[in-house]
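# Descriptive analysis of the structure
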Amino acid sequence: MNLEFSEEARAIGDQARRFLEKRDCRERARAALSGEAEPDVELWREMVAFGWIGSFIPEEYGGNGAGYEALCVIAEEIGRSLAPVPFASNILAGEIILRSGTQEQKSYWLPKIASGEMIGTLALHEAPGRISADAITLRYENGRLTGRKCPVPDGAQADFAVVVARDPDGSIVPVLAFFDETVTRTRQPTIDDSRAQAELHFDGTPGERLGSGGSGAWAELVAALDRAAVILAFEEVGGAQACLDLAVEYAKTRHAFGRPIGANQAIKHKLANVYVAVELARSNAMMGALGLLSEQGDLAVAAATARVSAIQAFIMASSESIQTHGGIGFTWEADTNLFYRRANALALGLGTESYWKERLVSGLEQRHLA
Amino acid sequence: MDLEDSPEEARFRKSVRAFLDANATRRDESAEPARYYEVDEAKLGLARAWQRKKAAAGFAGIRWPKQWGGQGLSSIHEVIYQQEEARYAVPKGVFDIGLGMCIPTLLAYADDAHLERYTKPALWGDEIWCQMFSEPNAGSDLAGLTTRAVRDGADWILDGQKTWTSGAQFSDFGIVLARTDFGAPKHKGLTMFFIDMKAPGVEVRPIHQMSGASHFNEVFLSGVRVPDAQRLGEVSDGWRVAVTTLMNERLAVGEEARPDIEDIHAFLTQSDGGKAPPMAEQAVRFRFADWYVASKGVEAFRNRGLTKLSRGEMPGPELSVARIVNAEKLQQMSRYAVEMMGAGGLLLDRDNPQANNPFQLALLAAPGARIAGGTSEILRNIIAERVLGLPADTRADKDVPFREIARGAGKSPRKGETV
Ligand SMILES: Cc1cc2nc3c(=O)[nH]c(=O)nc-3n(C[C@H](O)[C@H](O)[C@H](O)COP(=O)(O)OP(=O)(O)OC[C@H]3O[C@@H](n4cnc5c(N)ncnc54)[C@H](O)[C@@H]3O)c2cc1C
């Protein structure tokens with residue numbers, strides 16, 4: 001047993017951190033917030049070129065096979081830097097194709113993600129509410145998609161999507177579709193405009209069923225969400241750590257009543273609590289990563305644990321970081337603004353805290369039945 | 001990063017399992033919770049017998065040097081043993097302080113003759129140790145203690161009062177922190193010793209604690225003669241020695257006390273007379289998920305600390321995390337469980353308290369968990385100052401000769417007495 005990342009993975013993390021610092025990602029995120037949210041595709045391609053993103057994709061499909069450890073440390077650095085890149089969208093599309101695709105589909109689509117040539121995404125959500133198969137109404141009939149999806153991460157800029165649809169029998173089918181002229185895409189303003197979301201209308205869009213068919217499509221999709229959740233948990237841990245670092249730094253330098261504000265226990269204990277939450281989240285995320293690495297089925301409980309812990313830590317760290325900064329933390333220009341938005345956006349984008357808590361408890365139930 | 005055992009670790013795990021299967025009951029088949037809320041003579045006997053079995057089988061002192069009766073294995077082996085043992089109902093809580101804190105302090109500071117004499121009986125459950133640090137007026141502010149040690153030829157004479165000393169009533173030996181220089185600033189005039197609890201002048205008086213048990217005690221030291229050879233570390237360097245002890249404490253006390261996350265899971269999922277179990281309700285599922293996340297997070301966090309230890313790195317004050325989280329969780333979970341019982345949660349089954357009232361007992365014991373081993377406030381201070389590097393609290397008594405420091409009054413555990 002070894003519960004620390006390997007030397008190689010840590011070296012990749014350091015490299016990514018230095019690179020993302022040089023690219024001044026927080027400024028890019030701030031700019032995206034003030035203007036129209038565009039995923040920074042150029043920055044994304046640079047990151048892809050380092051081989052960081054394709055690490056979870058096997059070599060035969062254009063990845064570098066470096067494995068999940070590398071992807072987890074990259075996710076953490078993306079979270080820390082706030083890079084406005086199409087991360088979750090590509091990971092989600094990639095994971096689902098990797099798990100459910102036929103040999104042919106994997107050979108066709110995965111290299112496009114691994115090379116950064118195309119941006120893929122997952123079109124899942126329709127009406128507000130918890131993720132569930134019942135909520136899927138978009139139709140897939142005679143090879144064509146008809147209906148609405150919203151919000152879709154990076155939906156306005158992506159080139160293709162895995163669209164979760166329902167066939168005439170009522171079964172859930174994931175469908176691969178390019179965004180051609182039959183798809184109307186409208187960018188949507190969100191609580192975190194440094195990451196883009198869109199509303200998509202499909203009007204007879206041609207698409208190909210992902211995988212070889214069968215009744216297990218929804219279960220496979222949910223399992224792919226588990227995998228993506230572990231990776232997103234690292235992004236959240238990175239963001240939470242950055243918030244803690246900002247707050248600690250400020251608490252040491254800002255003076256009130258003749259001493260640093262961080263000399264007051266109300267601040268010290270608050271930040272100690274944030275530290276506890278971040279360390280628990282990091283530890284839970286690492287257990288999730290071990291689950292990914294070991295490829296031993298039942299990832300549900302570990303992934304849900306990682307995700308709930310990470311949501312809680314990032315929300316708490318970003319809120320308390322603003323509080324520690326006082327008025328300056330509440331300004332548009334403050335980094336704390338960016339982190340608070342990102343924390344809340346990430347907490348909603350891939351199954352909410354309540355979805356994952358339910359997944360955790362029902363996962364334990366299944367384990368006890370087995 | 002991996003969860004796999006190396007072939008050697010896998011062999012070790014197998015031998016641990018074989019040992020446990022042959023000698024202990026799995027916890028799901030046992031009515032006895034692992035951590036006793038009350039230790040009486042019978043329980044003490046069981047705990048000693050279990051410790052002896054472990055030692056005989058080579059599962060005691062896993063990380064200690066072989067020379068002193070340990071196994072000379074790594075922290076990973078320790079984790080493996082703990083992982084496996086956690087699935088069995090075995091006596092706990094009697095040897096934790098001795099083996100987790102006192103003997104490790106001896107290992108760092110005692111001479112070979114003493115190690116030869118004391119480590120093995122402690123490991124085999126023949127001798128029990130306690131830790132006498134706290135005093136009526138020195139708890140969080142431990143360095144403010146006033147127990148006095150005065151040199152007398154080849155010996156020291158100890159006078160003073162210790163309190164909250166867990167297990168003193170059945171201990172054979174104990175480590176004591178005392179003041180040898182009242183003219184020095186408070187951290188600088190302390191010296192560590194170990195004493196024989198049966199020595200003349202040592203008087204132990206049990207304290208009736210709020211949980212109903214009497215685990216901890218007052219210890220009065222009146223002219224207790226201690227050979228200089230029983231000094232641990234240099235004269236006036238006792239604070240540094242105490243920090244070693246407390247560091248080990250943080251590692252030792254991080255384990256989740258019972259009822260733990262599995263106990264509450266079993267409780268919430270069990271259905272009573274055809275009724276739906278509490279876990280059928282959404283609100284209950286969400287509350288449980290919070291504790292599960294905290295529990296697993298702490299477990300993984302501790303294991304990360306032990307991974308560090310196995311690479312020769314010292315675990316830092318960040319280990320306070322486990323103590324902070326587990327104590328608060330214990331209090332919340334036990335409160336929630338009795339709430340699920342409705343008015344029935346009021347009742348205690350006196351005839352079989354261990355088996356039938358784990359949550360009621362935990363409810364009444366949990367407040368102590370937030371105080372023992374450093375209060376949660378002090379632990380948060382430690383994290384803020386030593387891990388995050390925030391400014392230290394203002395210390396009015398810093399650099400002042402100890403005898404000039406103002407001291408307030410404490411309360412005696414017995415009505416009508418002051419300390
Ligand atoms: C079950 C149990 C077992 C114990 N076993 C042992 C043992 O075996 N050996 C031993 O030596 N001791 C033992 N103790 C004693 C324990 O270490 C002390 O009780 C503890 O350190 C607190 O000291 P105190 O009781 O004097 O409280 P105080 O120090 O008087 O604290 C009172 C309150 O003030 C707060 N406080 C104090 N200073 C600060 C500060 N700087 N910042 C913020 N808040 C502060 C505390 O958090 C607490 O809430 C045990 C205690 C318990 C409850």
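Here the structure is a predicted model, which means the values were calculated and not measured. Residue numbers here run from 1 along each chain, matching the order of that chain's written sequence. Chain A is the first chain written and ligand 1 is the first ligand written, with later ones labelled in order. Totals for whole chains, interfaces and linings use all residues, but because this is a predicted model, local features are given only for residues with pLDDT of at least 70 and pairs of side-chain atoms are given and counted only at 80 or more. Only heavy atoms go into the side-chain values, all of them from the structure, while hydrogens and water stay out.

### Focus on the interface of chain A and chain B
For clarity, the cut-off: By definition in these notes, contact holds between two residues if any of their heavy atoms fall within 4.5 Å. Accessible area that two parts lose when put together, evaluated with a 1.4 Å probe and summed over both, is termed the buried area. The working definition used for a salt bridge is a side-chain nitrogen of Lys or Arg within 4 Å of a carboxyl oxygen of Asp or Glu. By the criterion applied in these results, polar contacts are pairs of N or O atoms within 3.5 Å in which, for protein atoms, one can donate a hydrogen and the other can accept it, and in which residues neighboring in sequence qualify only through two side-chain atoms. Strands here are runs of E lasting at least two residues and helices are runs of H or I lasting at least four, both read from the DSSP assignment and numbered beginning at the N terminus.
Listed by partner, the interface residues are 51 residues for chain A and 46 residues for chain B. By the criterion of area lost to chain B, the three top residues of chain A are Met1(A), Lys268(A) and Tyr275(A), representing 19% of everything that side buries. Counting every contact that joins chain A to chain B gives seven salt bridges. When the shortest N-O distance is used, the salt bridge between Asp393(B) and Lys268(A) registers 2.6 Å. Seen at the junction of chain A and chain B, the total is 21 residue pairs in polar contact (both at pLDDT 80 or more). Secondary structure elements with two or more residues in the side of chain A that touches chain B: helix H7 (217-253), strand S10 (259-260), helix H8 (265-294), helix H9 (300-325) and helix H11 (353-369) of chain A. Of the residues forming the side of chain A that touches chain B, the biggest block, 18 residues, is contributed by H8(A).

### Some details on helix H10 (residues 335-349) of chain A
All names here are of chain A. Note the threshold: In this analysis, the expected span of each helix is defined as 1.5 Å times one less than the number of residues it contains.
Helix length check: H10 (15 residues) gives 21 Å between terminal C-alpha atoms against 21 Å at 1.5 Å per residue, within 8%. Buried residues belonging to H10 abut helix H2 (25-34), helix H4 (68-81), H7, H9 and H11. Backbone geometry just downstream of H10 places glycine 351 in the positive-phi region, at approximately 80°.

### Remarks on the domain arrangement of chain B
Operational definition: Start and end points for every domain follow an automatic or database-based domain assignment.
Segmenting chain B into domains produces domain 1 (7-94), domain 2 (130-248) and domain 3 (254-372). Each of domain 1 of chain B and domain 2 of chain B has a C-alpha centre, and these two points are 29 Å apart.

### A few points about the environment of Arg87(B)
Residue and element names in this part refer to chain B. How we decide: Using a 1.4 Å probe on the protein chains alone, a residue whose accessible area is under 20% of its type maximum counts as buried, one over 50% counts as exposed, and one in between counts as partly exposed.
Tracing the backbone through its elements, the reader meets arginine 87 in the loop between helix H3 (75-85) and strand S2 (88-89). A residue is classified by how much of its surface remains accessible, and arginine 87, at 30% relative accessible area, is partly exposed. Residues arginine 87 and arginine 26 lie 61 residues apart in sequence; the distance between their C-alpha atoms is 5.9 Å. Among residues more than four places away in sequence, those in contact with arginine 87 are Arg17, Arg26 and Arg27.

### Let's talk about the site of the ligand
Rules: Near is defined per residue: the residue qualifies when any heavy atom it owns lies within 4 Å of the molecule or strand. Each accessible area is a Shrake-Rupley result for a 1.4 Å probe, and residues are judged covered by the shown protein chains and nothing else. Under the scheme applied here, ten amino acids are nonpolar (Ala, Val, Leu, Ile, Met, Phe, Trp, Tyr, Cys and Pro), four are charged (Asp, Glu, Lys and Arg), and all others, including Gly, are polar.
Lining the immediate environment of the ligand, one finds 19 residues, of which Gln265(A), Ser140(B), Trp164(B), Thr375(B) and Glu377(B) sit closest. Near the ligand, the surrounding residues belong to chains A and B. Contact between the ligand and Trp164(B): a nitrogen atom at 2.9 Å from a main-chain N or O atom of the residue. The side chain of Glu377(B) places a nitrogen or oxygen atom 2.7 Å from an oxygen atom of the ligand. Relative to its unbound accessible surface of 970 Å², the ligand loses 67% to contact with the protein. Elements with a contribution of two residues or more to the shell around the ligand: strand S5 (155-166) and helix H12 (376-387) of chain B. Partitioned by chemical class, the residues of the shell around the ligand number seven nonpolar, ten polar and two charged. Residues from two domains meet in the shell around the ligand; each of domain 2 (130-248) and domain 3 (254-372) of chain B gives at least three.

### Here's the deal with the pairing of strand S3 (residues 144-153) of chain A
Residue and element names in this part refer to chain A. To keep it simple, the criterion reads: A pair of strands is considered paired only if DSSP assigns at least 2 bridges between the two.
Strand direction decides the pairing type here: strand S2 (residues 139-141) and S3, joined by three bridges, are antiparallel. Bridge assignment links tyrosine 140 to a residue of S3, and that residue is leucine 145. With antiparallel pairing between neighbouring strands as the criterion, S2 and S3 make up a hairpin whose turn holds two residues, including asparagine 142 at a positive phi of roughly 50°. Two strands pair when backbone bridges link them, and S3 and strand S7 (residues 197-206) are joined in this way by eight bridges, in the antiparallel orientation. Each bridged residue has a counterpart across the sheet, and for proline 153 the counterpart in S7 is glutamine 197.

### Some points on the packing of aromatic side chains
For any pair of aromatic rings, the description consists of the separation of the ring centres together with the inter-plane angle of the planes. Where we set the bar: By convention, a stacked pair of Phe, Tyr or Trp rings (six-membered ring in the case of Trp) has centres within 6.5 Å and planes under 30 degrees apart, an edge-to-face pair has planes over 60 apart, and any other such pair is tilted. We call a charge positioned over a ring when the NZ of a Lys or the CZ of an Arg lies within 6 Å of the ring centre and within 35 degrees of the ring normal.
Taken as a whole, this structure holds 28 aromatic pairs over all chains when the rule is applied. Measuring from ring centre to ring centre gives 5.0 Å for Phe19(A) and Phe50(A), while their planes differ by 70°; the resulting arrangement is edge-to-face. Of this pair, Phe19(A) sits in helix H1 (residues 7-22) while Phe50(A) sits in the loop between helix H3 (41-49) and H4, placing them 31 residues apart in sequence. Overall, the relative accessible area of 8% leaves Phe19(A) in the buried class. On the accessibility criterion, Phe50(A) (40% relative accessible area) is partly exposed. Relative to Phe59(B), the ring of Phe12(B) lies with its centre 5.8 Å away and its plane at 65°, an arrangement referred to as edge-to-face. With Phe12(B) in helix H1 (residues 7-23) and Phe59(B) in the loop between helix H2 (41-57) and H3, this residue pair connects regions lying 47 residues apart in the sequence. Phe12(B) gets classed as buried once you look at its relative accessible area, which sits at 8%. Here the guanidinium or amino end of Arg148(B) rests over the ring plane of Phe182(B), the centre of that ring lying 4.3 Å away. In this structure, Arg179(B) is placed above the aromatic ring of Phe182(B), and the distance from its NZ or CZ to the ring centre is 5.8 Å.

### Here we look at the pattern of salt bridges
Counted by the stated rule, this structure contains 57 salt bridges over all chains. Across the salt bridge formed by Glu77(A) and Arg17(A), the nearest N and O atoms sit 3.2 Å from each other. Taken together, the residues Glu77(A) in helix H4 and Arg17(A) in helix H1 connect sequence positions 60 residues apart. The buried category is assigned to Glu77(A), whose relative accessible area is 5%. With a closest N to O distance of 2.8 Å, Asp228(B) and Arg231(B) form a salt bridge.

### Considering the domain arrangement of chain A
All names here are of chain A. One can read the domain layout of chain A as domain 1 (7-85), domain 2 (120-209) and domain 3 (217-369). Between the C-alpha centres of domain 1 and domain 2 the distance comes to 25 Å. In this complex, domain 1 contributes eleven residues to the contact, which on the side of domain 2 involves eight residues. Put simply, domain 1 and domain 2 have zero salt bridges between them. Run the count over domain 1 and domain 2 and you get two residue pairs in polar contact (both at pLDDT 80 or more).

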